[in-house]
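What follows is the residue order along each chain.
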Amino acid sequence: MNSSASKTLNLTLKIWRQTGPNNPGAFKLYDLNEISTDMSFLEMLDVLNEQLITRGEEPVAFDHDCREGICGTCGVMINGQAHGPENATTTCQLHMRRFNDGDTILIEPWRAKAFPVVRDLVVDRSAFDRIIQSGGYVSVNTGNAPEANSISVPGHIQQQAMSAAACIGCGACVASCKNASAMLFVSAKVSHLASLPQGQTERSKRVLSMVATMDKEQFGNCTNTGECEAACPAEIKLTNIAQLNREYIKAVLFSHDWHCYLTSWDKWRPKINHETWRSDFESWVNHRLRRQIVK
Ligand code: SF4
Ligand code: FES
């Protein structure tokens, strides 16, 4: 943590302003004085917006909800880093004591084709929702809830599933990746359910469908740079991507759901017939997994 002798900061903010998805945007400079080091980053933006409204100017649009690091809505790029300089911390949990008096802070929205800018710092992250939706349901028995201890899950598997389930869907992994890849996000969702007994029934169908939707939404491929893991506020590990790759290959090679892959991936579907699907699949695997380590 940077130390600052003063309890208040005088700052220059350089903020991306854009009035709509199809309008050009530009950075605008704002001077902001006497900001308490105890404020959160979003409270600092609240102060700026109060001043802008008082002056009759448009406030800066930014997403937020829980302000507790739970909902994943508040992400912005701060000085080129997703969620700013603090490790494993969302923008709403970042405090101004992390900055120094006289700093210029660059604030901009997530930059990714799959996350178009809606206004100022707000982006449309509904592509993530569509990936989740494509994962479908989890089969459960109807009737009374089963006794809680009737399905035993080993401790280390519980831990693995809970760590993957910590993903808050913020999109920092996509924004920080040079390929705008959503592999960390998708791998967290796939690993979470693939690890637990409750997720087994739709295991192969889920991974095929989510990966197909990820590609359709124009997220880039993973080239193992690891920037996503470094930026992730929920500390989702790259090992989940390795598990995603294993789940995917197993689903295609050994499951009855591989036809889902043939029918859901638009780019390759026209090229595939029953005689040639295996060589087509090998080309596809080479494309998808190039430079990736499949453990
Ligand atoms: S994997 Fe991490 S960075 Fe990516 S959406 Fe989930 S919480 Fe955010
Ligand atoms: S506002 Fe919910 S995580 Fe930041």
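Scroll up to find the structure this text is about.
All residue numbers refer to positions counted from 1 along the written sequence of the respective chain. Lettering for chains starts from A, numbering for ligands starts from 1, and both go in the order in which the items are written. With the structure being a predicted model, the display of local features is reserved for residues of pLDDT at least 70 and the display and counting of side-chain atom pairs for 80 or more, all residues being used for whole-chain, interface and lining totals.

Caption draft 1: Structural detail: the overall build of the protein chain. A count of helical and extended segments in the protein chain gives 10 helices and seven strands. In this scheme the burial state of a residue depends on its C-beta neighbours within 10 Å: 20 or more other such atoms mean buried, 12 or fewer mean exposed, and anything in between means partly exposed; the C-beta positions come from the backbone. Going through the 295 residues of the protein chain one by one, you find that 34% of them count as buried. A pair of residues counts as a contact when their C-beta atoms, built from backbone coordinates, are separated by no more than 7 Å. Put simply, of all contacts in the protein chain between residues at least 6 apart along the chain, 72% involve residues at least 24 apart. Secondary structure follows DSSP: runs of H or I at least 4 residues long count as helices, runs of E at least 2 residues long count as strands, and numbering of each begins at the N terminus.

Caption draft 2: Structural view of the nonpolar core. The term nonpolar core refers to a group of buried residues, namely Ala, Val, Leu, Ile, Met, Phe, Trp, Tyr and Cys, whose C-beta atoms join them within 7 Å. Core analysis: the largest hydrophobic core is formed by 67 residues, its most contacted members being Cys173, Val174, Leu184 and Val186. Broken down by element, this core gets its largest block of residues, eight residues, from helix 5 (residues 183-195). As used throughout, domain bounds are those supplied by an automatic or database domain assignment. Residue-level mapping places this core at the junction of two domains, with at least three residues from each of domain 1 (8-119) and domain 2 (125-138 + 154-288). If we skip the residues at most four places from it in the chain, Leu184 touches Cys173, Cys228, Glu229, Cys232, Ile236, Asn240 and Ile241.

Caption draft 3: Quick peek at the sheet that holds strand 5 (residues 104-108). By definition, two strands form a pair when at least two bridges between them are found by DSSP. Across the sheet, which stays open at both edges, the five strands sit in the order 2-1-5-3-4 with mixed pairing between neighbours. Both outer strands of the open sheet, strand 2 (26-36) and strand 4 (81-82), are each paired with one neighbouring strand and no more. Both strand 1 (residues 8-17) and strand 5 contribute to a ladder of four bridges, which runs parallel. When the sheet's bridge partners are listed, Lys14 is paired in strand 5 with Leu106. Only the stretch in contact is used when fitting a helix axis, every axis being a line fitted to C-alpha atoms; angles between N-to-C directions are given from 0 to 180 degrees. The sheet strands contacting helix 1 (residues 41-54) are strand 1 and strand 2, and the helix crosses strand 2 at an angle near 105°.

Caption draft 4: Region of the structure containing the site of ligand 1. In the vicinity of ligand 1 lie 15 residues, with Cys167, Cys170, Ala172, Cys173 and Cys232 positioned nearest. Contributing elements (two or more residues each) for the shell around ligand 1: helix 4 (172-176) and helix 5. Ranked by the residues each element gives to the shell around ligand 1, the list is headed by helix 5, at three residues. Three categories are distinguished: nonpolar for Ala, Val, Leu, Ile, Met, Phe, Trp, Tyr, Cys and Pro, charged for Asp, Glu, Lys and Arg, and polar for the others, with Gly belonging to the last. In the shell around ligand 1, the residues fall into 13 nonpolar, two polar and no charged. Any residue whose backbone-placed C-beta atom lies within 6 Å of a molecule or strand is treated as near that molecule or strand.

Caption draft 5: Spotlight on the pairing of strand 1. Pairing analysis gives nine bridges linking strand 1 to strand 2, with the strands arranged antiparallel. Pairing of Lys14 across the sheet is with Leu29, part of strand 2.

Caption draft 6: Up close: unusual backbone geometry. Here the phi dihedral of Glu34 falls at roughly 55°; this positive angle occurs in a residue that is not glycine. Given 11 C-beta atoms within a 10 Å radius, Glu34 is considered exposed. The phi dihedral of Ala88 falls on the positive side, at around 50°, and the residue is not glycine. Relative to the elements of secondary structure, Ala88 occurs in the loop between strand 4 and strand 5.

Caption draft 7: Structural context of the environment of Lys7. Turning to its location among the elements, Lys7 is positioned in the segment before strand 1. Residues Lys7 and Arg97 lie 90 residues apart in sequence; the distance between their C-alpha atoms is 8.4 Å. If we ignore the near neighbours within four places in the chain, the residues touching Lys7 are Ser36 and Thr37.

Caption draft 8: Summary view of the environment of Val123. Among the structural elements, Val123 can be located in strand 7 (residues 122-123). In sequence terms Val123 and Trp110 are 13 residues apart; their C-alpha atoms lie 6.8 Å from each other. Apart from the residues lying within four places of it in its own chain, the contact partners of Val123 are Pro109, Trp110, Phe115, Pro116, Val117 and Val118.

Caption draft 9: Broad picture of the packing of helix 6 (residues 203-216) against helix 8 (residues 239-254). Packing of helix 6 against helix 8 leaves a shortest axis separation of 9 Å and a crossing angle of 110°. For the element pair helix 6 / helix 8, the angle class is roughly perpendicular. Two secondary-structure elements touch here, helix 6 through Ser204, Val207, Leu208 and Val211 and helix 8 through Leu244, Glu247, Tyr248 and Ala251. Considering only residue class, the contact of helix 6 with helix 8 consists of six nonpolar, one polar and one charged. If an angle is under 35 degrees, it is roughly parallel; if it is over 145, roughly antiparallel; if it lies from 65 to 115, roughly perpendicular; otherwise it is oblique.

Caption draft 10: Geometry of the environment of Ser126. Assignment of secondary structure puts Ser126 in helix 2 (residues 126-134). Linking Ser126 and Glu217, residues 91 residues apart in sequence, is a C-alpha distance of 9.9 Å.

Caption draft 11: Here's a closer look at the packing of helix 5 against helix 6. It is the contact of helix 5 with helix 6, at a shortest axis distance of 10 Å, that shows an interaxial angle of 175°. In terms of axis orientation, helix 5 runs roughly antiparallel to helix 6. Here Val186, Lys189, Val190, Leu193 and Ala194 of helix 5 lie close against helix 6, whose contacting residues are Arg203, Arg206, Val207, Met210, Val211 and Met214.

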